[in-house]
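Here is what each chain is made of, one letter per residue.
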Amino acid sequence: MKVVNHWIGGREYDVVPDRLGDVYDPATGERTAQVAFADPGVVDTAVAVAKDAYQEWRNSSMMQRAKILFAYRDLVEEHLQDIVTAITSEHGKVRSDALGEINKGLEVVEFACGIPHLLKGEFSENVSREVDSYSIRQPLGVVAGITPFNFPAMVPMWMYPVAIACGNSFILKPSEKDPSTANLLAELFGKAGLPGGVFQVVHGDKVAVDSLLRHPDVAAISSVGSTPVARYIYETAASHGKRVQALGGAKNHMVVLPDANMDLAADAAVSAAYGSTGQRCMAISAVVAVGDAGDALLGKVKERVEKLKVGPGGDPDAEMGPLVTAQARDKVASYIETGVTEGADLVIDGRDLKVDGHESGYFIGPCLFDNVTTEMTVYTDEIFGPVLIMVRTETYEEALSIVNANPYGNGTAIFTNDGGAARMFQHDVEVGMVGINVPIPVPMAFFSFGGWKASLFGDSHVHGKEGVHFYTRGKVVTARWPDPSQRGVNLGFPQTN
Ligand code: NAD
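Residues numbered from 1 in each chain as written. Predicted model: local features only at pLDDT ≥ 70, side-chain atom pairs only at ≥ 80, totals over all residues. Heavy atoms only, no water.

**Q** Looking at this structure, I do not really get empty space enclosed by the protein. What am I missing?
**A** Left-over empty space is what a probe sized like a water molecule reveals as it rolls over the atoms. In this structure the tally under the stated criterion is 3 cavities of 30 Å³ or more. Size it by volume and the largest cavity reaches roughly 120 Å³. Looking at side-chain class alone, the lining of the largest cavity contains 8 nonpolar, 4 polar and 3 charged residues. The computed volume of the second largest cavity comes to approximately 30 Å³. Taken together, Thr-147, Pro-148, Pro-152, Pro-174, Ser-175, Asp-178, Pro-179 and Ala-182 make up the lining of the second largest cavity. Across the lining of the second largest cavity, the residue classes tally to 5 nonpolar, 2 polar and 1 charged. (1 Å grid on protein atoms, 1.4 Å probe; cavity = no way out; pocket = protein on both sides within 12 Å on 5 of 7 lines; lining within 4 Å. Points joined across faces, edges and corners; volume = space filled by probe spheres on them. Nonpolar A, V, L, I, M, F, W, Y, C, P; charged D, E, K, R; others polar.)

Spelled out as structure tokens, the structure:
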């Protein structure tokens, strides 16, 4: 059985550990590989190698870093299909979706290629007579990223290109459910000329994460995952003196006003709810239909959902693949049962779906609930599967207060033809990423990505300027080149003159 091992010092680690996890093909249910689970000793080794590599890397010129990032970008493009295969075979998503996430990650690499511009400081001449002041930003040292299963390429790429461009060395602890992509990405970075030890991968579970969170030589932690894990990572890493950004779970609402174009809104709701089998942190999971919008929308959504083609990710005709694990599939099925018991109307039930030739795959068909209330479990919980719920309200104000009362605040969208209403929503909604007639408002790499409330712990979003800020610390230099004749002891507090 293939073992996906750690990537340390520019190569695959040569010791196979005692603790291993199983990796499955979600489309067949077959075990296809095992993944190494790091113990604290392996984490110590990776951190020591990263610390050594950092000493050289922090002194490399920004132009050299940019050159390596440009080469990396080209190599990832050249190997797109290999990376797509790795993602689809372990995550289960359809190939076009896997390609989409790599391209989104590449945007961040392209952004990081501009590091010479992004790290420009400020200079003020004569802040006092013949005294100049300037600010510089410097890397932190060894930084680490802990990432979820749902975007095995894109989410790590939100972090490491920026961290490395800023002069840090980076250790990635990817999800143990789909670990192969991380090694491929690390190998290609080495081929692009990145010194071994600047980007490493340590695989594993909570043991590996805990070692990173407590390690005295790790300066900062970026993490993305479910809210309980994000909260734990934030609190543990912060109590160990680290800078932390921990992105959590989501429940994204799409508010549809009665004046919206209902065909456009139905297309958007279906695409955003069922793409990647609902396993996206920016998936729309709740439509909040205002007034007549509910009746107008329901039939159109239903019509579209019934046409969706579910199948293995490798099938070019499939639009939606399986869930990532058998446990994930069973959890989604149990939410459907609870929704029915709690009184929501199950308009489409995907639980009995069978995919020919893939009877052991972790499939569940798209599910649609109507007349959901905010007390029901299918509303309060992040289901993270192909389940769209519709909540109905009388007014816009009621819809807004539902969105704002929700503990999550990752993404949201409003569908309307009324510019004034859209502007009001954009101003009043307590959510980090807002779409206006755009269902999944994922910011481009040159903006920053992040939610509010229980969707993010810490104060920095990822990539964009906030990413550069997160992975660097500021220093302000005050300089004077005095004429020796100006000497003299003066115990007074420095005055500007
Ligand atoms: P998860 O929380 O189970 O795991 C995330 C990472 O944390 C993995 O690397 C995992 O190994 C590690 N981990 C798991 N349990 C841990 C524990 N008890 N202690 C320490 N580390 C632990 O998340 P997942 O199931 O892989 O991913 C899905 C979740 O991620 C969803 O909740 C989704 O909304 C969220 N997500 C959020 C964003 C965002 O931008 N906010 C993006 C993608 C995914």
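Resuming the write-up.
**Q** Looking at this model, I keep getting lost on the packing of helix H2 (residues 62-78) against helix H7 (residues 180-191). Mind explaining?
**A** When two helices pack together, their arrangement is given by the angle between their axes and by how far apart the axes lie. Their axes nearest at 8 Å, the elements H2 and H7 cross at an angle of 130°. If you check the angle between H2 and H7, you find them oblique. At the point where H2 passes H7, the crossing takes the right-handed sense. Only Leu-185, Leu-188, Phe-189 and Lys-191 of H7 make contact with H2, whose side of the interface consists of Ile-68, Leu-69, Tyr-72, Leu-75 and Val-76. Tallied by class, residues from the contact of H2 with H7 come to 8 nonpolar, no polar and 1 charged. (Axes fitted to C-alpha atoms, helices over the stretch in contact; angles between N-to-C directions. Helix = DSSP H or I, 4+ residues; strand = E, 2+ residues; numbered from the N terminus. Parallel < 35°, antiparallel > 145°, perpendicular 65-115°, else oblique. Left-handed = near helix turned anticlockwise from the far one by under 90°. Contact = heavy atoms within 4.5 Å.)

**Q** In this structure, what is going on with the environment of Ala-33? I would like to understand it.
**A** As for its placement among the helices and strands, Ala-33 is situated in strand E5 (residues 30-36). Residue classification places Ala-33 among the buried positions, given a relative accessible area of 1%. On a C-alpha basis, the gap between Ala-33 and Ile-87 in space is 14 Å, while along the polypeptide they are 54 residues apart. Dropping the residues within four chain positions of it, Ala-33 is found in contact with Met-1, Lys-2, Val-4, Gly-21, Asp-22 and Val-23. (Buried < 20%, exposed > 50% of the residue type's maximum accessible area, 1.4 Å probe, protein only.)

**Q** Explain the packing of helix H1 (residues 40-57) against helix H8 (residues 206-214) to me, please; I cannot follow it from the model alone.
**A** Between H1 and H8, the least distance of the axes is 9 Å, while the angle of their chain directions is 45°. In terms of axis orientation, H1 runs oblique to H8. Considering the relative orientation of H1 and H8, their crossing is right-handed. Between H1 and H8, the contacting residues are Pro-40, Val-43 and Val-47 on the first element and Val-207, Ala-208, Ser-211 and Leu-212 on the second. Broken down by class, the residue content of the contact of H1 with H8 amounts to 6 nonpolar, 1 polar and no charged.

**Q** Got a minute to help me understand the sheet that holds strand E23 (residues 472-480) in this structure?
**A** The pairing of strands in a sheet happens through backbone hydrogen bonds and is either parallel or antiparallel. An order of E6-E7-E23 is seen for the 3 strands of this open sheet, with the pairing classed as antiparallel. The open sheet has two edge strands, strand E6 (122-128) and E23, and neither has a second partner. Between one strand axis and the next, the sheet turns by 25° as a mean value, whatever way the strands run. Sheet topology note: the strand E7 (residues 131-139)/E23 ladder contains 9 bridges and is antiparallel. (Pairing = 2+ DSSP bridges.)

**Q** Can you help me understand the site of the ligand in this one?
**A** Near the ligand there are 27 residues, and of these Thr-147, Glu-176, Ser-226, Gly-248 and Glu-382 occur at the shortest range. Contact distances for the ligand include 2.6 Å between an oxygen atom and a side-chain N or O atom of Ser-226. Note that an oxygen atom of the ligand is positioned 2.5 Å from one of the side-chain N or O atoms of Glu-382. Taking 840 Å² as the accessible area of the ligand by itself, protein coverage stands at 87%. (Near = heavy atom within 4 Å. Polar contact = N/O pair within 3.5 Å; in protein donor to acceptor, adjacent residues only side chain to side chain. Areas by Shrake-Rupley, 256 points an atom, 1.4 Å probe, with all protein chains shown as cover.)

**Q** Which parts of the structure should I look at to understand the pairing of E5?
**A** When a strand is regular, its side chains alternate between the sheet's two faces. Strand direction decides the pairing type here: strand E1 (residues 3-4) and E5, joined by 2 bridges, are parallel. Paired with Val-4 across the strands is Val-35, a residue of E5. Relative to E5, strand E4 (residues 20-25) runs antiparallel, the two sharing 6 bridges. The partner of Leu-20 across the bridge, within E5, is Ala-36. With antiparallel pairing between neighbouring strands as the criterion, E4 and E5 make up a hairpin whose turn holds 4 residues, including Gly-29 at a positive phi of roughly 80°.

**Q** Honestly, the side chain of Ser-276 in this entry has me stumped. Any pointers?
**A** By secondary structure assignment, the location of Ser-276 is in the loop between helix H10 (262-274) and strand E14 (284-290). A relative accessible area of 5% places Ser-276 in the buried class. In this structure the side chain of Ser-276 is engaged in a polar contact, spanning 3.3 Å, whose partner is the side chain of Asp-97.

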